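Fold and contact review
Listed below are the residues making up each chain.
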Amino acid sequence: MNGSNAGIVDAATIKTAYFPGLIFGFRSPSVIASLKCGATLNAAALETVILFLDEVLPGAAASPTVITGTGPANIAATLAKTVLHAMRELYRAANLPLFERGSLMGGDLANGHAMVMVPTNTRALPLTTNALEWLLGVVNAVQGGQKPQVFQDSLHELVTKFAALAPDGSNVPRFLRAAHEIGIPYAELPGTLYQFGHGARARWMDSSFTDETPQIAARLARNKVLSAAILRRAGIPVPEHALVTSVEEALTTATALGYPVVVKPAD
């Protein structure tokens with residue numbers, strides 16, 4: 001658990017706590033942020049921040065609507081929705097496979113206090129907390145009269161840092177999204193591994209490799225030349241193959257094989 005304050009105490013403050021388990025119906029670890037609106041925070045500042053986020057993080061998610069009215073409950077609810085929207089768009093812009101929307105958990109809205117749950121994962125936890133603090137800093141600065149555009153560079157830095165935490169390759173995000181959409185539980189494991197499911201039926205996966213993938217077969221399957229050689233040895237007809245490492249070598253080899261030819265990566 002950790003706590004932090006950001007920006008001008010009289011405008012908006014934040015304290016965060018990390019929950020590594022799955023609680024309140026969430027299927028990923030979460031950061032719970034306690035947001036407190038001061039007497040000076042107003043809807044106009046929040047609307048300016050929302051428009052700024054829409055400009056620099058144009059995404060598919062609908063922007064939050066600023067709740068009309070000047071009461072603390074309206075301001076707190078709008079701040080909470082702004083935080084959830086910003087975090088979702090940060091993850092999306094960084095291709096970080098976190099698909100839950102986050103949630104307003106309540107709080108004492110009538111007194112300007114909101115609790116929000118923001119999805120995260122083990123790798124992204126410290127940066128998620130930093131991003132929340134950055135966002136409150138922007139809100140406070142705008143409330144104090146600054147233009148939000150001065151924070152554009154630091155926002156791009158956040159996106160770049162989140163992107164560095166995204167899984168390598170294209171398989172893992174697709175697998176995780178599919179699991180999320182059909183309700184299969186999944187969890188990070190050390191290294192590049194993910195676990196899909198629980199208990200005896202769970203599978204560990206490293207990209208498209210599972211804990212039951214035979215090592216020799218996988219090594220052969222990833223090399224087209226070796227795969228063809230094994231199939232040919234077994235009497236299965238396969239095209240003639242040649243491995244080349246340059247354009248010139250490819251042209252010479254293609255002429256020797258006879259056109260038409262197919263060019264593919266060996267891996």
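Up top is the structure these notes are about.
Quick caveat, the model's predicted, so the values are computed rather than measured. (Residues numbered from 1 in each chain as written. Predicted model: local features only at pLDDT ≥ 70, side-chain atom pairs only at ≥ 80, totals over all residues. Heavy atoms only, no water.)

Let us look at the overall build of the chain. The helix and strand tally for the chain stands at 8 helices and 8 strands. The C-alpha atoms of the chain give 25 Å as radius of gyration, which overshoots the globular expectation for 267 residues (18 Å, by more than 25%). Per-residue burial over the chain gives 39% buried out of 267 residues. (Helix = DSSP H or I, 4+ residues; strand = E, 2+ residues; numbered from the N terminus. Rg over C-alpha atoms; globule rule 2.2 N^0.38 Å. Buried < 20%, exposed > 50% of the residue type's maximum accessible area, 1.4 Å probe, protein only.)

Further remarks concern the environment of Ala77. With respect to the helices and strands, Ala77 occurs in helix 2 (residues 72-93). For Ala77, a relative accessible area of 8% corresponds to the buried category. Between the alpha carbons of Ala77 and Gly106 there is a distance of 9.0 Å; along the sequence they are 29 residues apart.

Once that is clear, we can look at the sheet that holds strand 8 (residues 209-210). Strand order in the open sheet formed by 4 strands is 5-6-7-8, with antiparallel pairing between adjacent strands. Each end of this open sheet is capped by a strand with a single partner; those strands are strand 5 (186-188) and strand 8. Note: strand 6 (residues 194-196) against strand 7 (residues 203-206), 3 bridges, orientation antiparallel. For Phe196, the partnering residue across the bridge sits in strand 7 and is Arg203. Lying on the sheet, helix 5 (residues 171-182) is in contact with strand 5, strand 6 and strand 7; it crosses strand 6 at an angle near 30 degrees. (Pairing = 2+ DSSP bridges. Contact = heavy atoms within 4.5 Å. Axes fitted to C-alpha atoms, helices over the stretch in contact; angles between N-to-C directions.)

Taken together, the 4 strands give an open sheet; going across it, the order is 1-2-4-3, and neighbouring strands pair in antiparallel fashion. Looking at the sheet topology across the chains shown, the edges are occupied by strand 1 (12-19) and strand 3 (103-106). The average undirected angle you get between the axes of adjacent strands in this sheet is 25 degrees. In this structure, strand 2 (residues 30-37) lies alongside strand 4 (residues 113-119), joined through 7 bridges in antiparallel fashion. Bridge pairing in strand 4 links Ala33 to Val116. Contacting strand 1, strand 2, strand 3 and strand 4, helix 2 runs over the sheet at an angle of about 15 degrees to strand 4. Across the sheet, helix 3 (residues 125-143) is in contact with strand 1, strand 2 and strand 4; its angle to strand 1 comes to roughly 170 degrees.

Once that is clear, we can look at unusual backbone geometry. Between Tyr259 and the following residue, Pro260, the backbone shows a cis peptide bond with an omega angle of 0 degrees. With respect to the helices and strands, the residue Pro260 is situated in the segment after helix 8 (247-257). One non-glycine residue, Asn95, adopts positive backbone phi at about 60 degrees. If you trace the backbone, Asn95 turns up in the loop between helix 2 and strand 3.

Let us now look at the environment of Arg219. Along the chain, the position of Arg219 falls in helix 6 (residues 215-221). For Arg219, a relative accessible area of 54% puts it in the exposed group. C-alpha of Arg219 to C-alpha of Asp267: the two residues are 48 residues apart in sequence and 9.7 Å apart in space.

With that out of the way, let us pick up the packing of aromatic side chains. Evaluated as defined, the whole model comprises 3 aromatic pairs. A centroid spacing of 6.4 Å and a plane angle of 40 degrees characterise the contact between Tyr186 and Phe196, whose relative ring orientation is tilted. With Tyr186 in strand 5 and Phe196 in strand 6, this residue pair connects regions lying 10 residues apart in the sequence. In terms of burial, Tyr186 and Phe196 fall into one category: buried. (Phe/Tyr/Trp six-rings, centres within 6.5 Å; stacked < 30°, edge-to-face > 60°.)

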